[in-house]
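What follows is the residue order along each chain.
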Amino acid sequence: MLDKLHRLEKLGYIEDSEQWQALRILRNRFAHEYPDDPDKNAAILTLAIDSVASLTSILERIDQKLALSSIS
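J.: Where do I start with the overall build of the protein chain in this structure?
T.: Within the protein chain, the secondary structure is distributed over four helices and zero strands. Shown N-terminal to C-terminal, the secondary structure of the protein chain runs as helices and strands in the order α-α-α-α. Against the globule reference of 11 Å for 72 residues, the protein chain gives a C-alpha radius of gyration of 15 Å, more extended than a compact globule. Across the 72 residues in the protein chain, those meeting the buried criterion constitute 14%. Residue pairs at least 24 apart in sequence account for 45% of intrachain contacts in the protein chain once pairs closer than 6 positions are excluded.

J.: Looking at this model, I keep getting lost on the pattern of salt bridges. Mind explaining?
T.: It is possible for side chains bearing opposite charge to pair when their charged atoms get close. Evaluated as defined, the whole model comprises one salt bridge. Measuring nitrogen to oxygen at the nearest pair gives 3.9 Å for the salt bridge that ties E15 to R61. One end of the pair, E15, is in the loop between α1 (2–11) and α2 (17–32); the other, R61, is in helix α4 (residues 52–71), with 46 residues separating them in the sequence.

J.: Would you take a moment to explain the packing of α2 against helix α3 (residues 38–50) for this structure?
T.: Angle between the axes and distance between the axes are the two parameters that describe a pair of packed helices. Interhelical geometry of α2 versus α3 gives an angle of 140 degrees and a closest axis separation of 10 Å. By the criterion of interaxial angle, the relationship of α2 to α3 is oblique. Crossing handedness for the pair α2 and α3: left-handed. Together, L26, R29 and F30 of α2 and I44, L45, L47 and A48 of α3 make up the contact between the two elements. Looking at the contact of α2 with α3 residue by residue, the class counts come to six nonpolar, no polar and one charged.

J.: Any chance you could explain the packing of aromatic side chains here in plain terms?
T.: Here the distance between the centres and the angle between the planes together describe a pair of aromatic rings. Enumeration over the complete set of coordinates arrives at zero aromatic pairs. Against the face of Y13 rests K65, its NZ or CZ located 5.8 Å from the ring centre.

J.: Where do I start with the packing of α2 against α4 in this structure?
T.: Between α2 and α4, whose axes approach to 11 Å, the crossing angle comes to 130 degrees. One finds that α2 runs oblique with respect to α4. Regarding α2 and α4, the two cross each other, and that crossing is left-handed. Note on element contacts: α4 touches α2 through S54, L55 and I58, opposite Q19, W20 and L23. Of the residues assigned to the contact of α2 with α4, the class counts are four nonpolar, two polar and no charged.

Parameters and conventions
Residues numbered from 1 in each chain as written. Predicted model: local features only at pLDDT ≥ 70, side-chain atom pairs only at ≥ 80, totals over all residues. Heavy atoms only, no water. Helix = DSSP H or I, 4+ residues; strand = E, 2+ residues; numbered from the N terminus. Rg over C-alpha atoms; globule rule 2.2 N^0.38 Å. Buried < 20%, exposed > 50% of the residue type's maximum accessible area, 1.4 Å probe, protein only. Contact = heavy atoms within 4.5 Å. Salt bridge = Lys/Arg side-chain N within 4 Å of Asp/Glu carboxyl O. Axes fitted to C-alpha atoms, helices over the stretch in contact; angles between N-to-C directions. Parallel < 35°, antiparallel > 145°, perpendicular 65-115°, else oblique. Left-handed = near helix turned anticlockwise from the far one by under 90°. Nonpolar A, V, L, I, M, F, W, Y, C, P; charged D, E, K, R; others polar. Phe/Tyr/Trp six-rings, centres within 6.5 Å; stacked < 30°, edge-to-face > 60°. Lys NZ or Arg CZ within 6 Å of the ring centre and 35° of its normal.

Following this line, the structure appears as structure tokens:
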């Protein structure tokens, strides 16, 4: 997976493969951890909400890159 992320970064589809990895780890925590601690659940949810801007930015970058490649 890391090789694929580095390739996407090199091609300009993502800006930072480490950022993607961090978002992926957060997604895994959010999807696979079921703590009985409401404070921990709230903290993970807050991190997910805070990541929306980063995910939106990544999606916009990919959309722009795909639009440019369809013109060529």
